[in-house]
Amino acid sequence: MAIVIGAGVSGLSSAVALLEAGHAVDVWARERVERTTSAVAGALWLPFLAAPPELVARWALASLERFAALAGRSDTGVERREVVVVLRRPGEAPPAWAEALPSFRLVGPAELPPGARAAWAIEAPVIDMRRYLAWLEARVGELGGRIEGRDVASLDEALARAELVVNCAGLGARELCGDHDLHPVRGQIVRSADPGVRGAFVDDDAPGGVTYVIPRGGECVLGGSVEPGRSDREVDEREADAIVRRASAFDARLAAAPRRSAAAGLRPARSRVRLEAEPRPGGRLLVHNYGHGGSGVTLSWGCAADVVALAGGPAGAGRAGAPAPRPATPRGAGAG
């Protein structure tokens, strides 16, 4: 029996992977799925605010394969778009893992926004999180798992009920684990009608702040902000206005596009993603899977696969003391 703590994208993906490997799984979640940070995510497959780079690249590329298999299905909300990434810093280059992708191209000068030195592009998944989280929930149920609303006071509470516990509590892991390395990085988005934007656009060093435009599911997600240590989720209307102005520099039609909503979320950031096994007395095993920063969706399936490996593989293969999976660095990974 396994208990997964947390019903964000990391928790649900871990639950699905364990169920597919034959484990019996319950998910304990304090927040309903639609209230998790994952529900606010821009949900563009692209590593951001996560370390270490060699493992992030491996997890991201493993997730890319799973998302590719889900793309184009109306129930998953996953589709593929070209993503243009702007480079402004002197000496900055595309990451090696991106250059190894078949869809990689360098962007021509005519396509660059003002002040940009260069840009590169790849085809990548964009995910409508409302549909995708609903699909993950349904997949857990189809495989025989259960999702229970529960405020977990301690990890020992779960370990008393299951021989395997997977901690995907996001920022909640600060209290559950006493992890002072884990901290919030606030991000705000605006959702607008899609005026016909073809591809996604990311400019981390845009004048005025990080800027991205992600067309998905009939709307555009416009961002954003990166505010370490700020923990409120109230929408700042002035910030929303600034986000739309910056996004409009990429596509002028966005300035007049009707706004549908705005939201703020807290990224669970850490000096490095914590994905490791912690043997407990009585043959119990605690697996930590949190601290993904702005890459929760991007790393979700790769990290879930490692959760299964740390649990000892398919059900019945033996769990306690299972060695950590060896980092099999992909082609060119580690440069970004």
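As a reminder, the structure under discussion sits directly above these lines.
One structure accompanies this document, and this report is about it. (Residues numbered from 1 in each chain as written. Predicted model: local features only at pLDDT ≥ 70, side-chain atom pairs only at ≥ 80, totals over all residues. Heavy atoms only, no water.)

1. Points about the pairing of strand E11 (residues 219–223)
Summarising burial for E11: five of the five residues are buried, a large majority. The side-chain alternation of E11 yields two buried faces, one formed by Glu219, Val221 and Gly223 and the other by Cys220 and Leu222. Looking at chain direction, strand E10 (residues 211–216) and E11 are connected through five bridges and run antiparallel. If you follow Val213 over to E11, its bridge partner there is Leu222. Where E10 hands over to E11, the hairpin turn is made up of two residues, of which Gly217 adopts a positive phi near 55 degrees. (Buried < 20%, exposed > 50% of the residue type's maximum accessible area, 1.4 Å probe, protein only. Helix = DSSP H or I, 4+ residues; strand = E, 2+ residues; numbered from the N terminus. Pairing = 2+ DSSP bridges.)

2. Remarks on the sheet that holds strand E15 (residues 284–290)
One open sheet accounts for six strands, arranged E6-E2-E1-E7-E15-E14; its pairing is mixed. Each edge of the sheet is formed by a strand with only one pairing partner; in this case those strands are strand E6 (146–149) and strand E14 (274–280). This sheet shows a mean twist of 20 degrees between the axes of neighbouring strands, independent of strand direction. In this fold helix H8 (residues 296–310) packs onto strand E7 (164–167), E14 and E15, with an angle of close to 20 degrees to the strand it touches most, E14. (Axes fitted to C-alpha atoms, helices over the stretch in contact; angles between N-to-C directions. Contact = heavy atoms within 4.5 Å.)

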